[in-house]
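# Survey of secondary and tertiary structure
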Amino acid sequence: MLDTAERVTRWRQRHYSAVKRTMGGKPGTGGSSGLSWLKHSADQDVFPELWSVRNEL
């Protein structure tokens, strides 16, 4: 699961960078705020429960 989480996180970060280069600050699709929404999404843990259990051990 950690490998999957890492891959998704890297994809989110690359996607954010690509959108930043191509679209800039334009609104996103579906009415999202665009870059700020993507940045918030990229900063989220993929499996937050996994990290909380790991921290408790």
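Since this is a predicted model, take the numbers as computed values, not measurements.

If you tally the helices and strands in the protein chain, you get 3 helices and 0 strands. By the compact-globule yardstick of 10 Å for 57 residues, the protein chain is too spread out, its C-alpha radius of gyration being 14 Å. Per-residue burial over the protein chain gives 14% buried out of 57 residues. Approximately 4700 Å² of the protein chain is accessible, and the part contributed by carbon and sulfur atoms is 54%. Of note, the protein chain has its 9 positive side-chain charges centred 14 Å away from the centre of its 6 negative side-chain charges.

The final tally for this structure, using the stated rule, is 2 salt bridges. The salt bridge involving R10 is made with E6; its shortest N-O contact spans 3.5 Å. With a gap of 4 residues between them, R10 and E6 both fall in helix α1 (residues 2-22), about one helical turn apart. Judged by relative accessible area, which is 45%, E6 ranks as partly exposed. Between K39 and D43 there is a salt bridge whose closest N-O contact spans 3.7 Å. Of the two residues, K39 and D43 are both situated in helix α2 (residues 35-43); the distance of 4 residues between them amounts to about one turn of the helix.

Under the criterion given, the structure shown has 0 aromatic pairs. The side chain of K39 reaches across the aromatic face of Y16, ending 5.5 Å from its centre.

What counts as what
Residues numbered from 1 in each chain as written. Predicted model: local features only at pLDDT ≥ 70, side-chain atom pairs only at ≥ 80, totals over all residues. Heavy atoms only, no water. Helix = DSSP H or I, 4+ residues; strand = E, 2+ residues; numbered from the N terminus. Rg over C-alpha atoms; globule rule 2.2 N^0.38 Å. Buried < 20%, exposed > 50% of the residue type's maximum accessible area, 1.4 Å probe, protein only. Areas by Shrake-Rupley, 256 points an atom, 1.4 Å probe, with all protein chains shown as cover. Lys, Arg positive; Asp, Glu negative; His and termini not counted. Charge placed at Lys NZ, Arg CZ, Asp CG, Glu CD. Salt bridge = Lys/Arg side-chain N within 4 Å of Asp/Glu carboxyl O. Phe/Tyr/Trp six-rings, centres within 6.5 Å; stacked < 30°, edge-to-face > 60°. Lys NZ or Arg CZ within 6 Å of the ring centre and 35° of its normal.

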